[in-house]
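# Summary of structural features
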Amino acid sequence: GRVMVRIGFLARVLAAAAVATAALLLPGLPDLAAAALAGALFLGVGQLIGMLPRELREALGPRGMLARREE
């Protein structure tokens, strides 16, 4: 079937990608460090502007992956 993506979501992805691209333009930064910084910026900005789905926000939040689990 058809998959529809809302224009508002695409605008948020574009905004996060634009900020993340700035890390790749820093002179003298090793490629691996630039890629890691770009990824962190993309996720950080995405979380701030509401691009990430609720499930991913919960996983990355204080009660997410790093929280101590009851066994």
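Residues numbered from 1 in each chain as written. Predicted model: local features only at pLDDT ≥ 70, side-chain atom pairs only at ≥ 80, totals over all residues. Heavy atoms only, no water.

Looking only at helices and strands, one finds three helices and zero strands in the chain. Counted from the first residue to the last, the chain has its helices and strands arranged as α-α-α. The buried share among the 71 residues of the chain stands at 15%. Put simply, of all contacts in the chain between residues at least 6 apart along the chain, 39% involve residues at least 24 apart. Split by element, the accessible area of the chain, about 6,000 Å² in all, is 65% carbon and sulfur. (Helix = DSSP H or I, 4+ residues; strand = E, 2+ residues; numbered from the N terminus. Buried < 20%, exposed > 50% of the residue type's maximum accessible area, 1.4 Å probe, protein only. Contact = heavy atoms within 4.5 Å. Areas by Shrake-Rupley, 256 points an atom, 1.4 Å probe, with all protein chains shown as cover.)

Here we take up the confidence of the model for the chain. When pLDDT is averaged along the chain, the result is 84, and 89% of the positions lie at 70 or above. Per-residue pLDDT, averaged within each element of the chain, yields its smallest value for helix α3 (residues 54-60) (77) and its largest for helix α1 (residues 7-24) (91). (pLDDT = per-residue confidence, 0-100.)

This brings us to the pattern of salt bridges. Between side chains of opposite charge, a pair can form when the charged atoms approach closely. This structure, assessed with the given rule, holds one salt bridge. Residues Arg-54 and Glu-55 are paired through a salt bridge, measuring 3.6 Å at the closest nitrogen-oxygen approach. (Salt bridge = Lys/Arg side-chain N within 4 Å of Asp/Glu carboxyl O.)

Next up on the list: the environment of Val-45. With respect to the helices, strands and loops of the structure, Val-45 is situated in helix α2 (residues 31-48). By relative accessible area, which is 18% here, Val-45 ends up buried. In this structure Val-45 touches Ala-16 and Val-19, once residues within four positions along its chain are discounted.

This part covers α2. Three or four residues apart is the spacing at which side chains of an α-helix point the same way, because the helix has 3.6 residues per turn. Under the 1.5 Å per step criterion, the end-to-end length of α2 is 25 Å for 18 residues, consistent within 8% with the ideal 26 Å. Regarding α2, the residues found buried are Ala-34, Ala-38, Val-45 and Gly-46. One side of α2 holds all its buried residues, which, seen down the axis, span an arc of 100°. For α2, the exposed residues lying more than 90 degrees away from the buried face are Leu-32, Ala-36 and Leu-48. (Expected span 1.5 Å × (residues − 1). Arc of directions from axis to C-beta.)

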